[in-house]
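Spelled out from the first residue to the last, the chains are:
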Amino acid sequence: MFAKVNGMGLYGMNAFPVTAEISTTPGNVPAFEIVGLADASVQESRMRIRSALKNSEIGTKPFNTVVNLAPASVRKTGSLYDLTILTAVLASYDLIKINIDDCAFFGEVSLGGDVNPVHGALTLTIAAREHGIKKIFLPAANAKEAAVTEGMAVYGVNNIRELANHLMNLKTIEPHETYVPAADDFREALDFADVKGQENVKNALEVAAAGFHNILIIGTPGTGKSMLSKRLPSILPQMSFGESLETTQIHSVAGILDAKNPLVTTRPFRNVSHTASAIGLIGGGSIPMPGEISLAHNGVLFLDELPEFDRKTLETLRQPLENGEIHITRAGGKANYPCKIMLVAAMNPCPCGNYGHPTKRCSCNERQVTNYLGKISQPVLDRIDIQIEAAPVSYTEISDKAKGEPSAAVLKRVEAAREIQTRRYSGTAIKSNADIPAGMLREICALTPDATQTLKNAFDKLGLSARAYDRILKVARTIADLAASETIEKRHIARAVQYRSLDKKYWVKAN
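Quantities reported herein were computed from a predicted structural model and do not represent experimental measurements.

**Q** Would you mind showing me how to read the packing of aromatic side chains here?
**A** Aromatic rings considered in pairs are described by the distance between their centres and by the relative angle of their planes. Under the counting rule described, the total for this entry stands at 5 aromatic pairs. Following the ring pairs from residue to residue traces out a cluster consisting of Phe105, Phe137 and Tyr155.

**Q** Looking at this model, I keep getting lost on the side chain of arginine 48. Mind explaining?
**A** Relative to the elements of secondary structure, arginine 48 occurs in helix H2 (residues 45–55). Setting aside anything within four residues of it in sequence, one finds arginine 48 in contact with Ser41, Ser79, Asp82, Val109, Ser110 and Leu111.

**Q** Sorry, what's going on with the pairing of strand S10 (residues 215–219) here?
**A** On any regular strand, side chains alternate: one points to one face of the sheet, the next to the other face. A large share of S10 lies buried, amounting to 5 of its 5 residues. Going residue by residue along S10, you find Ile215, Ile217 and Gly219 tucked away on one face and Leu216 and Ile218 tucked away on the opposite face as well. Pairing of S10 with strand S17 (residues 342–347) involves 4 bridges; the strand directions are parallel. Bridged to isoleucine 217 within S17 is alanine 346.

**Q** It is not clear to me how the environment of proline 288 should be interpreted in this structure. Could you clarify?
**A** One can find proline 288 in the loop between strand S12 (283–284) and strand S13 (289–290). Given a relative accessible area of 0%, proline 288 falls into the buried group. Proline 288 has contacts with Tyr11, Gly12, Ile328, Arg330, Ala335 and Tyr337, leaving out every residue within four places of it along the chain.

**Q** What is the right way to look at the sheet that holds S17 in this model?
**A** Either a parallel or an antiparallel arrangement is found when strands of a sheet pair, and the pairing is made through backbone hydrogen bonds. Strand order in this open sheet of 5 strands is S11-S14-S17-S10-S18, and the pairing throughout is parallel. The sheet is open, and its two edges are formed by strand S11 (269–272) and strand S18 (386–390), each paired on a single side. Taking the axes of each pair of neighbouring strands and ignoring which way they run, one obtains an average angle of 15 degrees across the sheet. Pairing geometry for strand S14 (residues 300–303) and S17, over 4 bridges, is parallel. Each bridged residue has a counterpart across the sheet, and for leucine 303 the counterpart in S17 is alanine 345. Those strands touched by helix H7 (residues 199–211) are S10, S17 and S18, and its axis lies near 160 degrees from that of S18.

Each value, and the rule that gives it
- Numbering of residues begins from 1 in every chain and follows the order in which that chain's sequence is written.
- With the structure being a predicted model, the display of local features is reserved for residues of pLDDT at least 70 and the display and counting of side-chain atom pairs for 80 or more, all residues being used for whole-chain, interface and lining totals.
- As a rule here, side-chain values cover all heavy atoms of the structure and leave hydrogens and water aside.
- Only the six-membered ring of Trp is used, alongside the rings of Phe and Tyr, when aromatic pairs are assigned; centres must lie within 6.5 Å, and planes under 30 degrees apart are stacked while those over 60 apart are edge-to-face, with the rest tilted.
- The way it works is that DSSP assigns letters per residue, a run of H or I at least four long becomes a helix, a run of E at least two long becomes a strand, and they are numbered from the N terminus.
- Note on contacts: a residue pair qualifies if any of its non-hydrogen atoms lie within 4.5 Å across the two residues.
- Residue exposure (1.4 Å probe, protein chains only): buried if accessible area is under 20% of the type maximum, exposed if over 50%, otherwise partly exposed.
- In this description, strands pair whenever DSSP reports at least two bridges between them.
- Here the axes come from fitting lines to C-alpha atoms, over the contacting stretch only for helices, and the angles between their N-to-C directions go from 0 to 180 degrees.

Below you can see the structure in the form of structure tokens.
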């Protein structure tokens, strides 16, 4: 007997339709073969399926069985094909009594017949809908995650006995209710009101949040660099539903979703240790998995003690920061992961941390300082829009009992600036000022004559690169948006240029 069952395949975040074609013929020595570029984990599904059928009291038949996973030219990896193949086996036994032409099946089957969760369920479900599938059968543990997909009936399967009863029209599995996350008014408990002094850094972080700009904070130990950075999520606007879906898909592929709340509704804040490898940061592996930069998509990637990272590891950030996407090529195929992130980095100015301190003596010699700063190359610095110095806090500031401006007040200004950008970029793929393409800079970043002259003077005096010039314009556009100014004025340019001056102070000899 011949039958076909729809399934889905996944490589990285690239989901694609797979059809399990099965042919069975009577035979004295039953055989079970799987073809179609199936790797070892797919081949092992034969044993899982045989055992699951026996232990679920469905049993097997003495057939010679050949399963082809089409398209045969695309490599198949992982255990998500178990449920597709098992359903094809049931079809070959003539047990399916309902129409499954518009259905797709995927999930891992245990020896006892349970259906175990798999990674990437949301990505698989969205891709299935795009290929005309109306109903999806998947592990019950993945059902809530997949049920966020509009226009798809999602059936969570606990075990194959339950699936068989549904397919034989004996006992129906009810589709999972559409998952709509509750309105999440939660804000990060850490608040800017708790920070003493550092108004210049707070202002820089406000600009960064309003335009989704990368930012580097330099300062001696104890100035509050990490404390300020960790409060940044409290002034970031809420994610849109589209952003939530994008981020959730990445977290689903990585297998780090919360089963109770499977839709990511708050912007990620990934605090990465300086011991992270290039693969841990960027992603990779024999079957490419997302790295920290992709897990931070639509949120913040925080790199503390930036010069302590391996220089080669930092250099891998250059292309992703520029393009907002990671391309990982392996023998089995190519995986693409989005990584539109806000990079927030913090660092000391030298190994001992006291270089430039007004009262403490730096114990490093010039070579040590140069080598330390030299771990961060000029091309990496050019991709950081804002560079700000955190000065030591005075006794008067730190002993002041008055609370600072709360995050909620800053957030209102950030959201107002973002609303301006949303209207400006309506109908385009641009989400924030940080995304403005070079071809649109002249149109969007209109300067007054005084602002033009100020930028020209800064460009000549500081020896800025073309990339730095573009980023100054983008930051100035955000500063103008915060001031509700349609044109970029001299004061906006002057402040944006000020945010680009620290590399000339610290890195003039290092690079």
